[in-house]
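Residue-level structure breakdown
This is what each chain is made of:
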Amino acid sequence: QKEVEQNSGPLSVPEGAIASLNCTYSDRVSQSFFWYRQYSGKSPELIMSIYSNGDKEDGRFTAQLNKASQYVSLLIRDSQPSDSATYLCAVIGTGGSYIPTFGRGTSLIVHP
Amino acid sequence: EPEVTQTPSHQVTQMGQEVILRCVPISNHLYFYWYRQILGQKVEFLVSFYNNEISEKSEIFDDQFSVERPDGSNFTLKIRSTKLEDSAMYFCASIELMNTEAFFGQGTRLTVV
């Protein structure tokens, strides 16, 4: 059974700090990895996708993937109060299933 | 920028009634999904649809649920006889190509009373 695990938090960081969000997954052949941001009562909003090992940067966001360790992370530099939200990790595996499977999400609080 | 649109944004229905939730996926996308999120819980997969048929469904998607793409643009989720536990946010999502990013609609909040 595919599983995507995230620490539910909350993770509290001061404004301007780096927030580090982590996700592990159980399906070793998973191929595609995504980070979404979800504000309370709203739909998931795509932040980053990553498909190969290493780092991928987009503005203040960096996604890191380590397939050998089955681990994907999201770094948010210069965190702002507006970054306060729940961050969802989603994984698409192979083996005939192309369903994005979501973790429970990590609640991030950026305090001024 | 193309987006997934869902209607209605909020629906209140009595237990036992039928509801239809509507979605217009992004026009060149090929894969369509329904997810639900009960308040405070994770985003759960319900069903995927490709090439005018269901490609996968979860255990949640029982005989009370059905999906349809009646006219090549709309994608609907029907719940035949709603239960209290069906109260949740229902999200439609679409994907252009296999294994790529899913884009979500703004959701329909279903409240069963």
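Before going into details, it helps to say that this report is about the structure given with it. These numbers come from a predicted model, not from an experiment.

What follows is about the overall build of chain B. When you go through chain B residue by residue, the secondary structure sums to 0 helices and 11 strands. The C-alpha radius of gyration of chain B comes to 13 Å, within 12% of the 13 Å expected for a compact globule of 113 residues. Judged by the C-alpha coordinates and their principal axes, chain B covers about 40 × 25 × 25 Å. Looking at the 113 residues of chain B, the share that counts as buried comes to 44%. Counting contacts in chain B only where the partners sit at least 6 residues apart, residues at least 24 apart contribute 53% of the total. Summed over its atoms, the accessible surface of chain B is roughly 5,800 Å², and 47% of this surface lies on carbon and sulfur atoms. Measuring between centres, the 9 positive side-chain charges of chain B sit 6 Å from its 15 negative side-chain charges.

This part covers the sheet that holds strand β1 (residues 4-5) of chain A. Residue and element names in this part refer to chain A. Across the sheet, which stays open at both edges, the 5 strands sit in the order β1-β3-β8-β7-β6 with antiparallel pairing between neighbours. Strands at the two margins of the open sheet, each flanked by one partner only, are β1 and β6 (54-58). Looking at chain direction, β1 and strand β3 (residues 19-25) are connected through 2 bridges and run antiparallel. Counted as the bridge partner of Glu 5 is Thr 24 from β3.

Here we take up the sheet that holds strand β3 (residues 19-24) of chain B. Residues and elements named next belong to chain B. Taking strand neighbours across the sheet as the criterion, the 4 strands line up as β1-β3-β8-β7 in an open arrangement whose pairing is antiparallel. One side of each edge strand has no neighbouring strand; the edge strands of this open sheet are β1 (5-7) and β7 (65-68). Between one strand and the next, the sheet's axes are offset by a mean angle of 20°, whatever the strand orientation. Where β1 and β3 come together, 3 bridges link them in antiparallel fashion. Note that in β3 the partner of Gln 6 across the bridge is Cys 23.

In this complex, chain B contributes 21 residues to the contact, which on the side of chain A involves 23 residues. The junction of chain B with chain A conceals about 1,800 Å² of combined surface from both sides, 58% of it contributed by carbon and sulfur atoms. Seen at the junction of chain B and chain A, the total is 0 salt bridges.

A word on the side chain of A:Gln38. When you line up the elements, A:Gln38 lands in strand β4 (residues 32-38). One polar contact links the side chain of A:Gln38 to the main-chain carbonyl oxygen of A:Lys42, over a distance of 2.8 Å. Discounting residues that sit within four places of it in the chain, A:Gln38 has contacts with A:Ser43, A:Pro44, A:Ala85, A:Thr86, A:Leu88, B:Gln37, B:Val43 and B:Phe91.

Turning to the environment of A:Ser84, a few remarks are in order. All names here are of chain A. Within the secondary structure, Ser 84 is located in the loop between β8 (71-76) and β9 (85-92). Since its relative accessible area comes to 25%, Ser 84 is described here as partly exposed. Each C-alpha atom, one on Ser 84 and one on Thr 62, is 17 Å from the other, the two residues being 22 residues apart in sequence. Setting aside anything within four residues of it in sequence, one finds Ser 84 in contact with Tyr 39, Leu 108, Ile 109 and Val 110.

Before going further, it helps to spend a moment on the pattern of salt bridges. Scanning all chains against the criterion turns up 4 salt bridges over all chains. A:Arg60 serves as the salt-bridge partner of A:Asp83, at 2.9 Å between the closest nitrogen and oxygen. One end of the pair, A:Asp83, is in the loop between β8 and β9; the other, A:Arg60, is in the loop between β6 and β7 (61-66), and 23 residues separate them in sequence. Since its relative accessible area comes to 1%, A:Asp83 is described here as buried. A salt bridge links B:Arg36 to B:Glu44, with the nearest nitrogen and oxygen atoms 3.1 Å apart. By relative accessible area, which is 21% here, B:Glu44 ends up partly exposed.

Right, let's talk about the environment of B:Gly107 for a bit. Mapping B:Gly107 onto the fold places it in the loop between β10 (102-104) and β11 (108-112). Sequence separation of B:Gly107 and B:Ser87 is 20 residues, and the distance between their C-alpha atoms is 13 Å.

The omega torsion of the bond from A:Gly9 to A:Pro10 falls at 10°, within 30 degrees of zero and hence cis. Mapped onto the elements of the fold, A:Pro10 is located in the loop between β1 and β2 (11-14). With omega at -10°, the peptide bond leading from B:Thr7 into B:Pro8 counts as cis. With respect to the helices and strands, the residue B:Pro8 is situated in the loop between β1 and β2 (10-13). The phi dihedral of A:Asp78 is positive, around 50°, even though this residue is not glycine. Inspection of the secondary structure puts A:Asp78 in the loop between β8 and β9. Even without being glycine, B:Asn52 reaches a positive phi, approximately 65°. With respect to the helices and strands, B:Asn52 occurs in the loop between β5 (44-50) and β6 (53-57).

Rules used in this analysis
- Residues numbered from 1 in each chain as written.
- Chains lettered and ligands numbered in written order.
- Predicted model: local features only at pLDDT ≥ 70, side-chain atom pairs only at ≥ 80, totals over all residues.
- Heavy atoms only, no water.
- Helix = DSSP H or I, 4+ residues; strand = E, 2+ residues; numbered from the N terminus.
- Rg over C-alpha atoms; globule rule 2.2 N^0.38 Å.
- Buried < 20%, exposed > 50% of the residue type's maximum accessible area, 1.4 Å probe, protein only.
- Contact = heavy atoms within 4.5 Å.
- Areas by Shrake-Rupley, 256 points an atom, 1.4 Å probe, with all protein chains shown as cover.
- Lys, Arg positive; Asp, Glu negative; His and termini not counted.
- Charge placed at Lys NZ, Arg CZ, Asp CG, Glu CD.
- Pairing = 2+ DSSP bridges.
- Axes fitted to C-alpha atoms, helices over the stretch in contact; angles between N-to-C directions.
- Buried area = accessible area lost by both parts, 1.4 Å probe.
- Salt bridge = Lys/Arg side-chain N within 4 Å of Asp/Glu carboxyl O.
- Polar contact = N/O pair within 3.5 Å; in protein donor to acceptor, adjacent residues only side chain to side chain.

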